[in-house]
Amino acid sequence: MNSAIYKSLVEIVGEDYASDRPEELFTYSKDLGTSEPKWPDYVAAPKSVEELQKIILLANEAKISIVPLGGGLSLAGIALPLHGGILIDMKRMDEIIEVNGKARYALVEAGVSQGKLFAYLKKHHPTLAHSLPDAPPAATIGGNIAIHGQGDLAHPHGFNSDMINGLEVILPTGEICRFGSCSIGSGWFTQHPLPDMAFFLGWGGTTGIITKVSLRLFPCKKIRELDMLVVTDEELVPDIFHEITHVGMTEDLVVFSQAIPPMTDRLHHIINNISGDSEEELEFKRRLIYDDRLSKFIEQGTVGIVATSQDLEKPSVTKTADWRKGGGFEYVGSVFPVAAYPELYRKGVEISTRHEIPYTVTGRVIGANHAIMFSWSYAFNRADPKSVQHANEALHETDDLVLEFGGTIWKPAVYGQQIVMKHMDANTLALMKKLKNMVDPNNIMNPGNWEVA
Ligand SMILES: Cc1cc2nc3c(=O)[nH]c(=O)nc-3n(C[C@H](O)[C@H](O)[C@H](O)COP(=O)(O)OP(=O)(O)OC[C@H]3O[C@@H](n4cnc5c(N)ncnc54)[C@H](O)[C@@H]3O)c2cc1C
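What you see is a predicted model, and the numbers here were worked out from it, not measured in a lab. (Residues numbered from 1 in each chain as written. Predicted model: local features only at pLDDT ≥ 70, side-chain atom pairs only at ≥ 80, totals over all residues. Heavy atoms only, no water.)

Draft legend 1. The side chain of aspartate 227, seen in detail. With respect to the element layout, aspartate 227 can be found in strand S12 (residues 223-231). At a separation of 2.6 Å, a polar atom in the side chain of aspartate 227 contacts the side chain of tyrosine 290. (Helix = DSSP H or I, 4+ residues; strand = E, 2+ residues; numbered from the N terminus. Polar contact = N/O pair within 3.5 Å; in protein donor to acceptor, adjacent residues only side chain to side chain.)

Draft legend 2. Main features of the site of the ligand. Taken together, 35 residues sit near the ligand, with Pro68, Gly70, Gly71, Ser74 and Thr140 positioned nearest. Within the backbone of aspartate 134, a nitrogen or oxygen atom sits 2.8 Å from an oxygen atom of the ligand. When the ligand is considered free in solution it has 970 Å² of accessible area, and contact with the protein chains removes 98% of it. Elements represented by at least two residues in the shell around the ligand include exactly strand S3 (66-69), helix H5 (141-145), strand S10 (209-216), helix H10 (317-320) and strand S16 (327-336). Its residues assigned to classes, the shell around the ligand shows 19 nonpolar, 14 polar and two charged. (Near = heavy atom within 4 Å. Areas by Shrake-Rupley, 256 points an atom, 1.4 Å probe, with all protein chains shown as cover. Nonpolar A, V, L, I, M, F, W, Y, C, P; charged D, E, K, R; others polar.)

Draft legend 3. How the structure looks around the sheet that holds strand S15 (residues 303-309). Read from one edge to the other, the open sheet built from eight strands follows the order S15-S12-S14-S13-S17-S18-S16-S19, with strand pairing classed as antiparallel. Both outer strands of the open sheet, S15 and strand S19 (408-410), are each paired with one neighbouring strand and no more. Within this sheet the neighbouring strands show an average axis-to-axis angle of 25°, counted without direction. Where S12 lies against strand S14 (residues 268-276), nine bridges are found, and the strand directions are antiparallel. (Pairing = 2+ DSSP bridges. Axes fitted to C-alpha atoms, helices over the stretch in contact; angles between N-to-C directions.)

Draft legend 4. Here's a closer look at the sheet that holds S3. Judged by pairing direction, the sheet is mixed, and its four strands sit side by side in the order S1-S2-S4-S3 without closing on themselves. On the outer flanks of this sheet lie strand S1 (18-19) and S3, each paired with one strand and no other. Two strands pair when backbone bridges link them, and strand S2 (residues 42-44) and strand S4 (residues 86-89) are joined in this way by three bridges, in the parallel orientation. Its bridge partner being in S4, tyrosine 42 is matched across the sheet by isoleucine 86. Each of S2, S3 and S4 touches helix H3 (residues 49-62); the most contacted strand, S4, lies at about 165° to it. (Contact = heavy atoms within 4.5 Å.)

Draft legend 5. Region of the structure containing H3. Between its terminal C-alpha atoms H3 stretches 20 Å, which fits the 20 Å expected from 14 residues at 1.5 Å a residue. If you check which residues of H3 are buried, you get Val49, Glu51, Leu52, Ile55, Ile56, Leu58, Ala59 and Asn60. Taken from the residues just after H3, lysine 63 is the one with a positive phi, measuring 55°. (Expected span 1.5 Å × (residues − 1). Buried < 20%, exposed > 50% of the residue type's maximum accessible area, 1.4 Å probe, protein only.)

Draft legend 6. Summary view of the pattern of salt bridges. Applying the stated criterion across every chain, the model contains 23 salt bridges. A salt bridge links arginine 178 to glutamate 168, with the nearest nitrogen and oxygen atoms 2.9 Å apart. Of this pair, arginine 178 sits in strand S9 (residues 176-180) while glutamate 168 sits in strand S8 (residues 164-170), and the two are ten residues apart along the sequence. Arginine 178 sits in the partly exposed class, given a relative accessible area of 36%. Under the relative-accessibility criterion, glutamate 168 is labelled buried at 3%. For lysine 212, the salt bridge is made with glutamate 168, and the minimal N-O distance between the two is 3.0 Å. Here glutamate 168 lies in strand S8 and lysine 212 lies in strand S10, a separation of 44 residues in the sequence. Across the pair, glutamate 168 and lysine 212 agree in class, each one buried. (Salt bridge = Lys/Arg side-chain N within 4 Å of Asp/Glu carboxyl O.)

The structure is reproduced here in structure tokens:
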């Protein structure tokens, strides 16, 4: 351990926000998934862009790794310090700088949590909403867009990383850059039509640290309800999605199937979020969806409407995360054409059964049925090495399966990143390499992840 680095960190952020003490580093050495613990040498929690910039300059000079950490909830080991170094905890950079109600955007620091923004909008701007992921509320805005997250407005508006009006980023060599209208003036209202240079989304903190995000907001209706439909035949799910998305009346369209509780086993539950400022608006939307588009399925008896209610609890992987007991949980996410759903579901059941894990699969429609974000969750018992091994094997098999079936892996772990890069067009990979080498000449940013350099 280099005490000069620790002293410099203390000078930058203060004694309370820098540490090299094992009992504190321990907390940062793990995530919820199957990854082996990886210990940072130091942790620092900057409060401002200036403090963060100083840390990055220090790390670049000393050629020591830095890994940005938001909520640490992406699992897959992608925010663990694979090569030690300084772990930068972004949670103190959590100011909601501006909410522009008329232009519908929020300018926030990257460490603002999903829960904080949600609560703030609910209290101060109840007619505005951002696309909220199902992740625990401590997940951050910066961490979510760094991995192309998606939330509960995915059907009308796509990935959360498509909802960016501007970004501020610190490069691994310390320069602060802005992208979008904010690069030429004080407004954060658009990322277009300037040349696209924002190669920070989806890079998992390997090209720079995002410090500010202008995030698009959308109308938040007074009543937001969930309807639940049940489908017995997986082959029908893509058609049902196609019909529902035709009328564009839905906020979020999610399907799940899971082995536990037994009443959900082998059935496909479709959660349809609809919202309105009045009962009439909701009724109108429901009429278009159920009477106009789904009536033939309902009359045939292949789709059943189980519930329509404001109070219906949204299914969440958090509920299925501890089925093996022992607190282990990780999933493979992927993006596929919606038509792939039946096959992905069947493979999910097969892989889970083979590895003695109760299956859970979930899909979320992205855009107007343009794609589905499909995930296979594997719970395991941390205290039982055999259970961990099963989950690990299941995760790797699933990564392989995604590429075999022509999909893309979402927020891949290192194994998934490697096989994605192996399949990638050679020129694209070469460009990634050039960009990475150019912005991060000392390879200090989250090394081990997206290792193209
Ligand atoms: C139960 C559960 C449900 C989930 N549901 C969803 C869901 O519905 N939708 C969804 O999108 N995700 C979901 N997730 C995955 C994940 O929790 C979220 O995407 C979350 O928003 C990630 O944010 P984070 O702050 O935890 O990121 P972290 O895990 O801290 O970081 C993610 C990656 O980004 C990097 N990073 C972090 N901050 C920055 C920054 N400021 N600049 C550059 N790089 C940075 C990290 O190094 C890491 O590589 C879920 C997870 C769980 C456990």
